[in-house]
Amino acid sequence: MSIAQTHDTRSSAGSAVLSGVQKLAKSFAVILTTLLGLLILTFVIGRMVPADPVIAVIGDQADQATYDRVYEQMGLDRPLYEQFATYLGNVARLDFGQSNVTKNAVSSDLARVFPATLELATLATIIGAVFGIPLGIISAVRKGTWVDHIARIVGLLGHSTPIFWLGTIVILIFYAKFGLIPGSGRIDVFNEGLVEGPTHSLLIDAVIAGEWGVFFDVLHHVLAPALILGYAAMAYLSRMSRSFMLEQLRQEYILTAKAKGLGQRAIIWRHAFRNIRVQLLTIVALAYCGLLDGTVLIETVFAWPGLGQYLTSALFFADMNAVLGSVLLIGIISIAINLLSDIVYRFLDPRTR
Amino acid sequence: MLDNQNILSIENMSVQFPALSGSVKAVRNVSFRVGREKVGIIGESGSGKSTTGRAIMQLQPPGAVVTADKMQFEDIDLLGASEQQMRNIRGSRISMILQDPKYSLNPVMTVGEQIAETVILHERVSRREARARTVAMLERVNIRNPERVYALYPHEVSGGMGQRIMISMMLISSPSLIIADEPTSALDVTVRQQVLSILDDLVTERNIGLIFISHDLNLVRSFCDRVIIMYAGRIVETIDAENLEHATHPYTRGLLNALPSLEHPRDRLEVLKRDPLWLET
């Protein structure tokens, strides 16, 4: 019996590269649009809040003449589109204005507080992913057994316990009662300023400088807040990975893998896990974004000198430059993380190439 | 090519699923033998044909219970085999071809990797040798330029090619029994014949047994040597494919009469009348 050979068409390598470039250009266009939207939003909010920027600068005791002069100086008499253009120009030069509270440039304030939040959020994300993902997968594989039940209870507790409450309780027990952890801050007073490194992450800088005493001091400080945030992230990540895994284990290709004679480990890690990597990456990136801007509560409880605390105090003092600068920074970081995970997708899932 | 040597003999096999009220029997006391031949299992949805195929490989869904007086595959008692023994059998001595390559191939592994995996698993060969074997196997199922296809992902191949890849994956370790669960139902009619003839060639050339699960009477009649007709978890009739016209069981007759035929045009096709008595025989 003769069988016709199959002719299959496939784009040449050249056009494949072209479509890759096109995709990249498309995602950059999306990013630019998002960024512009973000800038418009922060600009409009800055103009709409009832806090008067002039009074914020000169105080409410100044006379009308001074007020008018500063009003003009700040360009508030110019048309809105002109103000927006000025705003764009300033942002492009990383000039977010001056903070009325700290009297520093907002950009230098952000450069100081953001690394603290970045360090905390990164550690928490790592803790959450390292424990949460395997927990969710084991829970899915052993669905319905006591392992699954315990994992789900742990996850549910983490999901439903308010972080500020947990933080307070941890401080109450481990700091106030047993004195096992430092209660607040990033570093002991006598270690402050000992390491000034290139990364502004105290942990990494201390390692670079070889200051192990400082390193362990910083680790000691970061441990409790990072574990609490990490536990919340773990709860979310384990619940999600469990349901992703369950979904994959129902797929037909799992039956194929079994029919081939593969053992359970190969089926789970080589076949099912490879299929949930993209989803896992998405939720880890989401959790990371959430932790970067959502550490306000834990930063307040542990007096962590980070972005969350800076932003909240700026809000309390109607320090609009600081608020808008922080919001913009958070927005840019979110966009960057999304872009990064978009790029990694292409490596993990052949269908998106 | 037909000889009487049995590869598989099943006696009184039942498969039960636990349900809220007692249990549901999906397969009820079926007995059959498969030699070096092509045996079709035919029946409507829910008649237990796929469940039968999976039970042979001990791949029933969790919770399902398989009982039988005897399940003998060559020198192995499938009933008493441990999970480890079954893993050594699956893919190397009994294989299964599933319906739709769109779902039955892993979307994020190259097809070559997936085929080579079977050889590496069962024959402990090196990666290089597994690759060479895979390429040769792809050539055997009439895939042109197998080196290139090796590196493709399932979404990059057509349905017909996907099913030939599935066949390669399942036959590369030379099993003596293949269970094909509706292997052509998801394919276009035009490529169906291609895939069938490749399967036919391989089964004949290697002189192995094939269980062909289908709901397509005409296909099974032309492709298989013998036909087992299942209804509601039971085997109602076993008949040589060429004698299918002379089937005696009213269910089989009903199915045959419900088929349109070009040679004998009829105004009205018969509607199957189900007899509750069939459930009890």
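Here's what I pulled together on the structure shown here. (Residues numbered from 1 in each chain as written. Chains lettered and ligands numbered in written order. Predicted model: local features only at pLDDT ≥ 70, side-chain atom pairs only at ≥ 80, totals over all residues.)

Quick notes on the overall build of chain B
Note the following rule: Numbering of helices and strands starts at the N terminus; helices are DSSP runs of H or I of at least 4 residues and strands are runs of E of at least 2. In this setup the radius of gyration rests on C-alpha atoms only. A globule is expected at 2.2 Å times the number of residues raised to 0.38. To sort residues by burial, count the other C-beta atoms lying within 10 Å of each one's C-beta; a count of 20 or more means buried, 12 or fewer means exposed, and anything in between means partly exposed. C-beta atoms are built from the backbone. What counts as a contact is two residues whose backbone-derived C-beta atoms lie within 7 Å of each other.
Across its full length, chain B carries 10 helices and 11 strands. Since a compact globule built from 281 residues should have a radius of gyration of about 19 Å, the 19 Å found for chain B is in line with a globular shape. Seen along its three principal axes, the alpha-carbon backbone of chain B occupies a region of about 60 × 50 × 40 Å. Evaluated residue by residue, chain B yields a buried proportion of 44% over its 281 residues. Nonlocal contacts in chain B, meaning residues at least 24 apart in sequence, comprise 68% of its contacts between residues at least 6 apart.

A few points about the overall build of chain A
If you tally the helices and strands in chain A, you get 14 helices and 0 strands. Of the regular secondary structure in chain A, the N- to C-terminal order runs α-α-α-α-α-α-α-α-α-α-α-α-α-α. Taking 20 Å as the expected radius of gyration for a compact globule of 353 residues, we find that chain A reaches 26 Å, considerably beyond that expectation. Taking the principal axes of its C-alpha atoms as reference, chain A extends roughly 100 × 60 × 40 Å. Here chain A holds 353 residues, and 32% of them are scored as buried. Look at the contacts in chain A between residues 6 or more apart in sequence, and 71% of them connect residues 24 or more apart.

A look at the environment of Ala235 of chain A
Residues and elements named next belong to chain A. Structurally, the position occupied by Ala235 is in helix 9 (residues 212–249). It is 9.5 Å that separates the C-alpha atoms of Ala235 and Ile153, two residues lying 82 residues apart in sequence. Apart from residues no more than four positions distant in its own chain, Ala235 is found in contact with Gly155, Gly158 and His159.

Notes on the pairing of strand 9 (residues 209–214) of chain B
All names here are of chain B. Put simply, the rule reads: Two strands make a pair as long as DSSP finds a minimum of two bridges between them. By definition, the crossover connecting two strands over a helix is right-handed if that path, from the first strand to the second, turns clockwise as seen with the strands pointing away from the viewer.
Across the 6 residues that make up strand 9, a large majority, 6, are buried. The alternating pattern of strand 9 places Gly209, Ile211 and Ile213 and Leu210, Phe212 and Ser214 on opposite faces, both of which are buried. Where strand 8 (residues 177–181) meets strand 9, 5 bridges bridge the pair, whose relative direction is parallel. Across the sheet, residue Ala180 finds its bridge partner in strand 9, namely Phe212. Read from strand 8 through helix 8 (residues 189–206) to strand 9, the crossover connection turns out right-handed.

Quick look at the sheet that holds strand 7 (residues 94–97) of chain B
Residue and element names in this part refer to chain B. The condition that has to hold: Simply put, an axis is a line fit to the C-alpha atoms, just over the touching stretch for a helix, and the angle between two N-to-C directions goes from 0 to 180 degrees.
What the 6 strands build is an open sheet, ordered 7-8-9-3-10-11; its pairing is mixed. For this open sheet the edge positions go to strand 7 and strand 11 (234–240), each flanked by a neighbour on one side alone. Mean inter-strand twist for the sheet, computed between neighbouring axes without regard to direction, equals 20°. The pairing of strand 7 with strand 8 spans 4 bridges and is classified as parallel. By the bridge assignment, Met96 is partnered in strand 8 with Ile179.

Concerning the nonpolar core
Across soluble globular proteins, nonpolar side chains show a tendency to be buried alongside one another. Let me state the cut-off plainly: To count as a nonpolar core, a set of buried Ala, Val, Leu, Ile, Met, Phe, Trp, Tyr and Cys residues must be joined through C-beta atoms within 7 Å.
The biggest cluster of nonpolar side chains holds 141 residues, and the ones touching the most others in it are Leu237 of chain A together with Ile178 of chain B. Ranked by the residues each element gives to this core, the list is headed by helix 9 of chain A, at 18 residues. In this structure Leu237 of chain A touches Gly128, Ala129, Gly132, Ile133, Gly136, Ile283, Val284 and Ala287 of chain A, once residues within four positions along its chain are discounted.

Some points on the interface of chain A and chain B
To keep things clear, this is the line we draw: Following the grouping adopted for this structure description, the nonpolar residues are Ala, Val, Leu, Ile, Met, Phe, Trp, Tyr, Cys and Pro, the charged ones are Asp, Glu, Lys and Arg, and the polar ones are all others, Gly among them.
The partner chain B presents 34 residues to the 23 residues of chain A that form the contact. Looking at the side of chain A that touches chain B, the elements with two or more residues in it are helix 10 (252–260) and helix 11 (264–293) of chain A. Examining the composition of the side of chain A that touches chain B, we find that 7 residues originate from one element, helix 10 of chain A, more than from any other. Residues of the side of chain A that touches chain B, tallied by class, amount to 8 nonpolar, 8 polar and 7 charged.

Overview of unusual backbone geometry
Positive phi, close to 45°, is recorded for Ala303 of chain A, a residue that is not glycine. For Ala303 of chain A, the location among the structural elements is in the loop between helix 12 (296–301) and helix 13 (307–316). The class of Ala303 of chain A is partly exposed, set by 13 C-beta atoms lying within 10 Å. We note that Asn145 of chain B has phi near 55°; this positive angle belongs to a residue other than glycine. For Asn145 of chain B, the location among the structural elements is in the loop between helix 5 (127–140) and helix 6 (146–150).

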